[in-house]
Amino acid sequence: MKIILLGAPGAGKGTQAVELSRRLQIPHISTGDIFRHNIRNATPLGQQVKEYLDSGRLVPDELTLSIVTKRLAEQDCQNGFLLDGFPRTLVQANALEAALPTDVALLLDIDQEILIDRLSGRLFCPACKGTFHRSRLPGETCPECSAALTQREDDKPATVRNRLEVYNAQTAPLIAYYQQAGKLLKVNANQSVEEVLSACLQALAAWST
Ligand code: AMP
């Protein structure tokens, strides 16, 4: 099954993708994770994309498309994939659908007010890669492995505002695009992680019958 996860930054795409990928046995491909991995390892790609991620702007389509095209050509994508954070523009969606038509676009639908709070309270563990919310922790150490938690550069308030503006201008139009293509499955993401996961699984099961 070829699935796209759509939704604003902070809607829970990364969290849901990890579990959906495990249950559906398809690789989870996150363009944001690929870029961050390259930035951490100071690769030439990392150096090229760092300023875009730090400011919350989108990496240019051509560069993003070349990364995703290479990744989707790998063996583990033969039986499907779960795309998280891609496509993010109509140019990317058109290129993807022309090369490798997807089956469904699963939209994690969430209220905008919840997003700013979620994103700006989000803490990341550089050791075990877990994501936590400040309001649910007694301090700023990782509850899983005790490492010091950090904030993603692009979760800082000014960048969060910018990412939401970029989402509304460039990525939100993909909702209508996939609706018109008859591929949109909408899930209420204003719920707990477990409830959203079960809504996603139900929507996908209903689609495949
Ligand atoms: P994410 O982890 O999906 O929120 O992505 C973090 C950042 O990576 C975004 O704010 C963009 O700067 C960049 N990025 C991720 N995916 C894409 C994409 N499909 N197109 C352009 N830029 C992207």
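Residues numbered from 1 in each chain as written. Predicted model: local features only at pLDDT ≥ 70, side-chain atom pairs only at ≥ 80, totals over all residues. Heavy atoms only, no water.

Caption draft 1: The state of the cysteines, seen in detail. Within the structure shown, the criterion is met by zero disulfides. Not part of a disulfide, C77 finds its nearest cysteine sulfur in C200, a span of 20 Å. When its relative accessible area of 4% is taken as the criterion, C77 is described as buried. In this model C142 remains outside any disulfide bridge; the closest cysteine sulfur is found in C128, 3.7 Å from its own. (Disulfide = S-S within 2.5 Å. Buried < 20%, exposed > 50% of the residue type's maximum accessible area, 1.4 Å probe, protein only.)

Caption draft 2: Structural context of the packing of helix α2 (residues 31–40) against helix α3 (residues 44–55). Packing of α2 against α3 leaves a shortest axis separation of 8 Å and a crossing angle of 115°. Here the hand of the crossing between α2 and α3 comes out left-handed. In contact with G32, F35, R36, N38 and I39 of α2, α3 contributes L45, G46, V49, K50 and L53. The residue inventory of the contact of α2 with α3, partitioned by class, reads five nonpolar, three polar and two charged. (Axes fitted to C-alpha atoms, helices over the stretch in contact; angles between N-to-C directions. Helix = DSSP H or I, 4+ residues; strand = E, 2+ residues; numbered from the N terminus. Left-handed = near helix turned anticlockwise from the far one by under 90°. Contact = heavy atoms within 4.5 Å. Nonpolar A, V, L, I, M, F, W, Y, C, P; charged D, E, K, R; others polar.)

Caption draft 3: Highlighting the site of the ligand. The full set close to the ligand counts 17 residues, and T31, R36, R57, G85 and Q92 are the nearest of them. Residue Q92 places a side-chain N or O atom 2.9 Å away from a nitrogen atom belonging to the ligand. The contact in question runs from an oxygen atom of the ligand to an N or O atom on the side chain of R163, over 3.1 Å. Relative to its free-state accessible area of 480 Å², the ligand is covered by the protein chains to the extent of 96%. (Near = heavy atom within 4 Å. Polar contact = N/O pair within 3.5 Å; in protein donor to acceptor, adjacent residues only side chain to side chain. Areas by Shrake-Rupley, 256 points an atom, 1.4 Å probe, with all protein chains shown as cover.)

Caption draft 4: Main features of the environment of Q16. As for its position among the elements, Q16 is in helix α1 (residues 13–24). Look at Q16 and you get buried, because its relative accessible area is 4%. In this view, Q16 contacts L108, V193, V196 and L197; residues no more than four positions away in its chain are not counted. Within polar-contact distance, the side chain of Q16 engages the backbone nitrogen of L197 at 3.3 Å.

Caption draft 5: Up close: the sheet that holds strand β2 (residues 28–30). Spatially, β2-β3-β1-β4-β7 is the arrangement adopted by the five strands of the open sheet, whose pairing is parallel. If you trace the sheet from one side to the other, it starts and ends with β2 and β7 (184–188), each paired once. Sheet twist, expressed as the mean angle between neighbouring strand axes with direction ignored, is 20°. Here strand β1 (residues 2–6) runs beside strand β4 (residues 104–109); their pairing, made up of four bridges, is parallel. When the sheet's bridge partners are listed, L5 is paired in β4 with L106. The sheet contacts of α2 involve β2 and β3 (81–84), and relative to β2 the element is tilted by about 65°. (Pairing = 2+ DSSP bridges.)

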